[in-house]
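The residues making up each chain are set out below.
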Amino acid sequence: MHRQAGNRHILPEPTEAVAPLRHMGRERREMESTGDFFAMGGHGLYVWPAFAIAIGVLAAMALQAWLARRAMARLLEERDERLGQRRAGGRP
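So, here's what we can say about the structure. As the structure is a prediction and not an experimental result, all values here were calculated from the model.

Now for the overall build of the chain. A count of helical and extended segments in the chain gives three helices and two strands. From first element to last, N terminus to C terminus, the chain shows the α and β order β-β-α-α-α.

Turning our attention to the pattern of salt bridges. Summed over all chains, the structure comprises one salt bridge. Of the charged contacts, one joins Asp80 and Arg79 as a salt bridge, the two residues approaching to 3.4 Å between their closest N and O atoms. Residue class for Arg79 comes out partly exposed when judged on its relative accessible area of 41%.

Our focus in this paragraph is the packing of aromatic side chains. Counting across every chain of the model gives four aromatic pairs. An angle of 70° between the planes, with centres 5.3 Å apart, marks the rings of Phe37 and Phe38 as edge-to-face. Owing to a relative accessible area of 35%, Phe37 belongs among the partly exposed residues under this scheme. Phe38 sits in the partly exposed class, given a relative accessible area of 45%. An aromatic cluster is present here, built from Phe37, Phe38, Trp48 and Phe51 joined pairwise through their rings.

Here the focus is unusual backbone geometry. The phi dihedral of Met40 falls on the positive side, at around 50°, and the residue is not glycine. Within the secondary structure layout, Met40 lies in the loop between helix H2 (34-39) and helix H3 (44-88).

Rules behind the numbers
Residues numbered from 1 in each chain as written. Predicted model: local features only at pLDDT ≥ 70, side-chain atom pairs only at ≥ 80, totals over all residues. Heavy atoms only, no water. Helix = DSSP H or I, 4+ residues; strand = E, 2+ residues; numbered from the N terminus. Salt bridge = Lys/Arg side-chain N within 4 Å of Asp/Glu carboxyl O. Buried < 20%, exposed > 50% of the residue type's maximum accessible area, 1.4 Å probe, protein only. Phe/Tyr/Trp six-rings, centres within 6.5 Å; stacked < 30°, edge-to-face > 60°.

Spelled out as structure tokens, the structure:
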């Protein structure tokens, strides 16, 4: 933690700053298999459904935007056809 000397802050010792990076006393090890990767250190049960939900929401948003764009394009084509018929019929 930071120590104070009067009104000045003294930075922590380098060993104190590195301590949180030691993963709470456990040594960090590389994933040894695909199963370790999917287990995510015991958090896979929460991580993978979160990814699935996020991808599902993004896919639904993309689909909705695509469908709305397609519907708008149809409406504009119909409007252009109606305006073209009016002009051909002599109406302004």
